[in-house]
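Here is how the chains run, residue by residue.
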Amino acid sequence: MTAETTVTKTLEATTVPPTAHKQRRLEDTVGAYRDALEAAFESGADTQSAVNDIVTGYDLTSYAKDALKQYVPQLRRTYDADELADDHPVRFTNRGFRIDYSSDREYGFCWRVPQAGRGNAFWIPLRINPSQEDLWFDLLEGEASVGEFRLFQNRRTWTLHVTIEYTIKEPDASDDPTYVGFDIGESALITGCALKRDTPTTPLLIDGGRARHLRKEMHTTLKRLQERDAAEWRLDERFGHYQNALTDIVEKASREAVEYARQFDDPVIVLEDLSYIRERLDYGAYMNRRLHAWAFARLQGRIEDKALEAGIPVEYVQPAYTSQTCHACGHIGRRDEQAEFRCTNDECHISTFQADINAAANIARRVDPWGESVPWKPERDDTPRNGSPSDRATERREASRQPRQTTLSEYGSETSDDEASLVGSPVL
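Residues numbered from 1 in each chain as written. Predicted model: local features only at pLDDT ≥ 70, side-chain atom pairs only at ≥ 80, totals over all residues. Heavy atoms only, no water.

**Student:** Would you take a moment to explain the overall build of the protein for this structure?
**Tutor:** In terms of regular secondary structure, the protein is built from 11 helices and 15 strands. Taken over 428 residues, the protein has a buried fraction of 48%. Sequence separation of at least 24 residues holds for 71% of the intrachain contacts in the protein that already meet a minimum separation of 6. If you sum the accessible surface of the protein, you get close to 21,400 Å²; carbon and sulfur atoms cover 44% of it. (Helix = DSSP H or I, 4+ residues; strand = E, 2+ residues; numbered from the N terminus. Buried < 20%, exposed > 50% of the residue type's maximum accessible area, 1.4 Å probe, protein only. Contact = heavy atoms within 4.5 Å. Areas by Shrake-Rupley, 256 points an atom, 1.4 Å probe, with all protein chains shown as cover.)

**Student:** Looking at this model, I keep getting lost on helix α5 (residues 209-227). Mind explaining?
**Tutor:** Owing to its 3.6 residues per turn, the α-helix aligns residues three or four sequence positions apart on the same side. In this model, α5 (19 residues) spans 27 Å end to end at C-alpha, consistent with the 27 Å of a helix rising 1.5 Å per residue. The first or second residue beyond α5 is D229, which carries a positive phi of 55°. (Expected span 1.5 Å × (residues − 1).)

**Student:** Looking at this structure, how should I read the sheet that holds strand β14 (residues 340-342)?
**Tutor:** Through backbone hydrogen bonds, the strands of a sheet pair up, either in parallel or in antiparallel fashion. Strand order in this open sheet of 3 strands is β13-β14-β15, and the pairing throughout is antiparallel. The open sheet terminates on both sides in strands that have one partner only, identified here as β13 (334-337) and β15 (352-354). Put simply, the sheet's adjacent strands are angled 40° from each other on average, direction ignored. With 3 bridges connecting them, β14 and β15 associate as antiparallel partners. Looking across to β15, one finds that F341 is bridged to F353. (Pairing = 2+ DSSP bridges. Axes fitted to C-alpha atoms, helices over the stretch in contact; angles between N-to-C directions.)

**Student:** How do you make sense of the sheet that holds strand β6 (residues 145-154) when you look at a structure like this?
**Tutor:** Strand order in the open sheet formed by 7 strands is β2-β6-β7-β1-β5-β4-β3, and the pairing between neighbours is antiparallel. Strand pairing shows two members of the sheet lacking a second neighbour, β2 (90-92) and β3 (99-101), which therefore form its edges. Direction aside, the axes of adjacent strands within the sheet are offset by 35° on average. Where strand β4 (residues 109-113) and strand β5 (residues 122-128) come together, 4 bridges link them in antiparallel fashion. By the bridge assignment, V113 is partnered in β5 with F122. The strands touched by helix α1 (residues 20-42) are β2, β4, β5, β6 and β7 (157-169); relative to β2, the strand with the most contacts, the crossing angle is about 85°.

**Student:** Just to check I follow, could you spell out unusual backbone geometry for this structure?
**Tutor:** What you tend to see is this: most non-glycine residues have negative phi, and most peptide bonds are trans. One non-glycine residue, D229, adopts positive backbone phi at about 55°. For D229, a relative accessible area of 69% translates into the label exposed. One non-glycine residue, D266, lies in the positive phi region at around 45°.

Okay, here's the thing in structure tokens:
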């Protein structure tokens, strides 16, 4: 009997530009939700009952209030959040989710937007990701189950994220898998590192300079247009231009990451669970804005999507200390410079190492939580998201290809910055 596994994935769709009336109603929903979230969080409420007492009076649907009752306690107890980001999406529980489809419409799928009060909900067309069309039909036909769904606002653009679960056939597990860790960041967009016999090998570095430049240029351009009172259509046009360019980078980088993993025997891709990265970031207002603007989770999602298509399992681990721990001895070290990790254990054979590769190696190692040697802080929750050693997503397995990659010898314990800068040029 073929084994099956449950896969969790997030579907993404953008609404068509709403009418002025619907735009106001969407903005009112976001405003009420964020006010309720802030009030519940600042009160220190850490139980569903306590949150319920606070959010009851807000003009929100029961689906949004129920989502808040689940979410707010998680922020403090599980994710140790000290403050809230200012761009939280509106969360709804699955009871409030409804979609419709007709081939006669320009945009086939429509979403019913939950609103407080009987009869106030309204429909809005969706522009779905074409690569996820089959899953949208599975959702419509009941072959996939919906979980929480979230509404994001970015200026006049509205994006819907829908978490779904469905089952797929799971290939036989390998007795000797190759774990391939991926670290996602600002300076290096993606850093990949495979572990062979617990030793880092054949690293991959994809530079983040182009994405960083586009985000800075987008921020400056849109701010300048706003100061000149430019027409909304021009603002939306420029925003769309930059978003399309960033999406292209995400697609190419995620494709290269999966191709990198496919060169190894029985690869298993390992990613950090960044579900609540915004609550954990605390680098000051300027850096937080830059990091929040980069869609870490979106890039991970596209890596997972492409890995599924290639039949490569994907596992998630907790991210704490991956950039501060020595991959060789497990001691906490330091990063005196962005690109360099320094081990503080005098008995370790590693003195300095390329920092992002060190982090990727730690991510790959952490897939086995019982082998973790990092001295975890007691207030942090290091359990995987579903309570098992990891979250796995698998599909059919295809023959591996052998793209050209650099070797780890260029990243020895005394590698210079000049040498490191020559390795792993991105194909973007």
